[in-house]
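Listed below are the residues making up each chain.
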Amino acid sequence: MDRRYKLPHVLVTEGDQESGYYAGTLIEIVDNSEGIFEPVKDNHKNGLQEMRRKCAAYLRSKGYSDDYLIQHHCRKPGRIPESKNRIVKRTILQLEKESK
């Protein structure tokens, strides 16, 4: 587990615009579980936004509010060093707005 993960939920997306493929995993730190979202395929323009939207919808279905804060770790294949793959904090509302 990445030591930079500080919040109860972390969305980890792996993919890039060039391939149009994005995989997403929601890590629940407290109970050490993972939920894997259906991959986004052949979406070269909005794949990352689609993955954020899936995460927001899942968290809403579990009863979390607009201001619930998660971490989003976006990994691009081949990007070295790993520290260049940013981890940012986002609310559910931000996940949804950045998806439109």
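The residue numbers shown here count from 1 along each chain, following its written sequence. Thresholds applied to this predicted model are a pLDDT of at least 70 for local features of residues and 80 or more for the giving and counting of side-chain atom pairs; totals over whole chains, interfaces and linings are not thresholded and use all residues. Side-chain metrics in this entry use all non-hydrogen atoms of the structure; hydrogen atoms and water are not considered.

### A short note on the packing of aromatic side chains
At step 1: Aromatic rings from Phe, Tyr and Trp, taking only the six-membered ring of Trp, are treated as a pair when their centres fall within 6.5 Å; an angle between ring planes under 30 degrees marks them as stacked, one over 60 as edge-to-face, and anything in between as tilted. Scanning the model with the defined rule gives two aromatic pairs in all.
At step 2: Ring centres of Phe37 and Tyr58 lie 6.0 Å apart, and the angle between their planes is 75°; on these two criteria the pair is classed as edge-to-face. You can see Phe37 sitting in strand S3 (residues 33-40) and its partner Tyr58 sitting in helix H1 (residues 47-61), a full 21 residues away along the chain.
At step 3: With centroids separated by 4.2 Å and ring planes inclined at 35°, the aromatic side chains of Tyr64 and Tyr68 adopt a geometry described as tilted.
At step 4: On the basis of relative accessibility, which here comes to 29%, the residue Tyr64 falls in the partly exposed class.
At step 5: Among the residues examined, Tyr68 registers a relative accessible area of 17% and is labelled buried. Note on conventions: DSSP H or I runs of at least 4 residues are helices, E runs of at least 2 residues are strands, and numbering of each starts at the N terminus. Accessible area is worked out with a 1.4 Å probe on protein chains only. A residue is then buried under 20% of its type maximum, exposed over 50%, and partly exposed in between.

### Here's the deal with the layout of surface pockets
With a probe scaled to a water molecule rolled over the atoms, the places where space remains empty come into view.
At step 1: Any residue with an atom within 4 Å of a point lines the site, the site being either a cavity, points on a 1 Å grid over the protein atoms alone where a 1.4 Å probe fits but cannot get out, or a pocket, an open set with protein on both sides within 12 Å along at least 5 of 7 lines. Grid points are joined across faces, edges and corners, and a volume is the space filled by probe spheres set on the points. The space that makes up the largest pocket amounts to roughly 270 Å³.
At step 2: The wall of the largest pocket is formed by 21 residues, among which Tyr22, Leu48, Arg52, Cys74 and Arg79 lie closest to the centre.
At step 3: Mapped by element, the contributors of at least two residues to the lining of the largest pocket are strand S1 (9-16), H1, strand S4 (69-75) and strand S5 (87-91).
At step 4: Per-element tally for the lining of the largest pocket: the top contributor is H1, with four residues.
At step 5: Side-chain classes are defined by residue name, with Ala, Val, Leu, Ile, Met, Phe, Trp, Tyr, Cys and Pro counting as nonpolar, Asp, Glu, Lys and Arg as charged, and the others, Gly among them, as polar. Residue composition of the lining of the largest pocket, grouped by class: four nonpolar, seven polar and ten charged.

### Description of the side chain of Asn43
At step 1: By secondary structure assignment, the location of Asn43 is in the loop between S3 and H1.
At step 2: Here a polar contact is recorded for every N or O atom pair within 3.5 Å, except that within protein the pair must consist of a potential hydrogen donor and a potential acceptor, and residues adjacent in sequence are included only if both atoms are side-chain atoms. A distance of 3.3 Å separates the side chain of Asn43 from the backbone nitrogen of Gly47, its partner in a polar contact.
At step 3: Every residue pair with non-hydrogen atoms within 4.5 Å of one another is taken to be in contact. In contact with Asn43, not counting residues within four places along its chain, are Gly20, Tyr22 and Glu50.

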